[in-house]
Amino acid sequence: MSEQVVAKRYADALFQLGKEKNTQEQLVKEFRVVREVFNNNKQLVPFLKHPKVNNEKKKQFIQEVFQGLHTDVVNTIKLLVERHRTAAIPSIIDHFIQLVNDAKGIADATVYSVRELTEVERTQLQVSFAKRMGKTAINLENVVDPSIVGGIKIRVGNTIYDGTVRGKLDRISRKIVSANK
């Protein structure tokens, strides 16, 4: 079975669990922390996949590392390690967060700009893109990228809105090249 299908199934189960217990917000917050741990610690997945480390030691390690998190979060990670789905954890978390956001009418977006955006600029972007996307709210992550020269580029899901100087220069360059053929 493909990794994406597996991730969606686990995410659906987590979504239903959070809905039944009314803990979706807490789960989203804590799973974001778990995702950061898995993305930033490159030795964690190889350790959890290592065949010479038995499952009990792996579960004990997870219990200690994620101590203080909701029991559903810790038990989910333990279950995934036991079933040899460790590599899928970040993908499962992404799918779960997407399901919760869709249910609430929220979208995640990444804004690329030359400098850090001010709170006023962030708020204006959130309001205008929430209307444009038909969502109640937009969660913005600001990424500083000096290569765009000026303007901003916004990525919402698979859609990119490019209002950068770099993007405009690239479009002009393509037009010149295609006109000379």
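Source: prediction; values computed, not measured. Sequence order sets the numbering: in each chain, residues are counted from 1 along the sequence as written. Per-residue local features are limited, in this predicted model, to residues with pLDDT of at least 70; the limit for side-chain atom pairs, both in listing and counting, is 80 or more; totals at the level of whole chains, interfaces and linings are taken over all residues. With hydrogens and water set aside, each side-chain value is computed from the structure's full complement of heavy atoms.

Participant: Honestly, helix H7 (residues 119-133) in this entry has me stumped. Any pointers?
Facilitator: Residues spaced three or four apart along an α-helix face the same direction, because each turn holds 3.6 residues. Going along the chain from the N terminus, every DSSP run of H or I of four or more residues is numbered as a helix, and every run of E of two or more is numbered as a strand. Helix span is expected to be 1.5 Å times the residue number reduced by one. Look at H7: 21 Å from first C-alpha to last across 15 residues, which is about the 21 Å you get at 1.5 Å a residue. Looking at H7, one finds that the buried residues are Arg122, Leu125, Phe129 and Ala130. One side of H7 holds all its buried residues, which, seen down the axis, span an arc of 125°. Pointing more than 90 degrees away from the buried face of H7 are the exposed residues Val120, Gln124 and Lys131. Structurally, H7 contributes buried residues whose contacts are with strand S1 (106-113), strand S2 (137-144), strand S3 (151-156) and strand S4 (159-164). For every residue, the accessible area obtained with a 1.4 Å probe (protein chains only) is divided by the maximum for its type, and the residue is called buried under 20%, exposed over 50%, and partly exposed between those limits. Working note: the arc is built from the helix axis to C-beta atom directions. Contacts: residue pairs with any heavy atoms within 4.5 Å of one another.

Participant: Teacher, can you tell me more about the side chain of Asn101 here?
Facilitator: Tracing the chain through its elements places Asn101 in helix H6 (residues 89-104). With a relative accessible area of 5%, Asn101 lands in the buried category.

Participant: What am I meant to see in the side chain of Asn142 here?
Facilitator: Secondary-structure assignment places Asn142 in strand S2. A polar atom in the side chain of Asn142 sits 3.1 Å from the backbone oxygen of Val111. In protein, a polar contact means a hydrogen-donor-capable atom and an acceptor-capable atom, both N or O and within 3.5 Å, with residues adjacent in sequence counting only if both atoms are side-chain atoms; elsewhere, any N or O pair within 3.5 Å suffices. Polar side-chain contacts of Asn142 include one of 3.0 Å to the side chain of Ser113. Residues within four places of Asn142 in sequence aside, it is in contact with Val111, Ser113, Arg115, Glu116, Leu117 and Arg122.

Participant: Explanation requested: the packing of aromatic side chains in the structure shown.
Facilitator: Each aromatic ring pair is described using two quantities: the centre-to-centre distance and the angle formed by the ring planes. Here is the rule: rings of Phe, Tyr and Trp (six-membered ring for Trp) pair when centre to centre is within 6.5 Å. Planes less than 30 degrees apart are stacked, more than 60 are edge-to-face, and the remainder are tilted. Counted according to the given criterion, the structure contains four aromatic pairs. Here Phe38 and Phe66 contribute two aromatic rings whose centre-to-centre distance is 6.3 Å and whose plane-to-plane angle is 5°, an arrangement assigned as stacked. In this pair, Phe38 is assigned in helix H2 (residues 24-40) and Phe66 in the loop between helix H4 (55-65) and helix H5 (71-82), connecting sequence segments 28 residues apart. Here Phe38 and Phe66 have matching classes, each one buried. Consider the rings of Phe129 and Tyr161, whose centres lie 5.1 Å apart with planes at 65°: the pair is edge-to-face. Highlighted residues: Phe129 in helix H7 and Tyr161 in strand S4, separated in sequence by 32 residues. Take Phe129: its relative accessible area is 10%, and that puts it in the buried class.

Participant: Just to check I follow, could you spell out a nonpolar patch on the surface for this structure?
Facilitator: Exposure above 30% relative accessible area and the absence of a salt bridge qualify a residue for a patch, where like charges join within 9 Å and nonpolar side chains (Val, Leu, Ile, Met, Phe, Trp, Tyr) within 5 Å. Per-residue and other accessible areas were derived by the Shrake-Rupley procedure at a 1.4 Å probe size, with only the shown protein chains allowed to occlude residues. Only one rule defines a salt bridge in this text: a Lys or Arg side-chain nitrogen within 4 Å of an Asp or Glu carboxyl oxygen. A contiguous nonpolar surface patch, about 430 Å² in accessible area, is contributed by Val149, Val165, Leu169, Ile172 and Ile176. Locating Leu169 in the fold gives a position in helix H8 (residues 165-179).

Participant: Can you walk me through the pairing of S1 in this structure?
Facilitator: A regular strand carries its side chains on alternate faces of the sheet. By the criterion of burial, S1 is predominantly enclosed, with six of the eight residues buried. Strand direction decides the pairing type here: S1 and S2, joined by eight bridges, are parallel. Its bridge partner being in S2, Asp108 is matched across the sheet by Asn139. By convention a crossover is right-handed if, when the strands point away from the viewer, the path from the first strand over the helix to the second runs clockwise. In this view, the connection linking S1 to its parallel neighbour S2 by way of H7 has right-handed handedness. Between any two strands, pairing holds if DSSP finds at least two bridges.

Participant: Can you walk me through the packing of H2 against H6 in this structure?
Facilitator: It is at 10 Å that the axes of H2 and H6 come closest, and there the two elements cross at 150°. Accordingly, the angle class assigned to the pair H2 and H6 is roughly antiparallel. In this structure, H2 crosses over H6, and the sense of that crossing is left-handed. Here Gln24, Glu25, Leu27, Val28, Phe31, Arg32, Val34, Arg35, Phe38 and Asn39 of H2 come into contact with H6, specifically with Ile89, Pro90, Ile93, Asp94, Phe96, Ile97, Val100, Asn101 and Lys104. Broken down by class, the residue content of the contact of H2 with H6 amounts to 11 nonpolar, three polar and five charged. Axes, fitted as lines to C-alpha atoms, cover a helix only where it is in contact. Angles between the N-to-C directions of the axes lie from 0 to 180 degrees. Should an angle fall under 35 degrees it is called roughly parallel, over 145 degrees roughly antiparallel, and 65 to 115 degrees roughly perpendicular, with every other angle called oblique. The crossing is said to be left-handed when, going from far helix to near helix, the turn is anticlockwise and less than a right angle, and right-handed when the turn is clockwise. Lys, Arg, Asp and Glu make up the charged group, whereas Ala, Val, Leu, Ile, Met, Phe, Trp, Tyr, Cys and Pro make up the nonpolar group; the residues left over, Gly among them, are polar.

Participant: So what exactly am I meant to see when it comes to the pattern of salt bridges here?
Facilitator: Pairing between side chains becomes possible if they bear opposite charge and their charged atoms approach one another. A complete count under the given rule lists seven salt bridges for this structure. Note that Lys21 and Asp72 form a salt bridge whose closest N and O atoms lie 3.1 Å from each other. Placement of the pair is Lys21 in helix H1 (residues 3-21) and Asp72 in helix H5, with a sequence separation of 51 residues. The exposure class assigned to Lys21 is partly exposed, which follows from its relative accessible area of 45%. Here Glu82 makes a salt bridge to Lys59, at a shortest N to O gap of 2.4 Å. Of the two residues, Glu82 sits in helix H5 while Lys59 sits in helix H4, which places them 23 residues apart along the sequence. In this structure Glu82 comes out as partly exposed when scored by relative accessible area, which is 36%.

The values reported here are purely geometric and, on their own, carry no functional implication.
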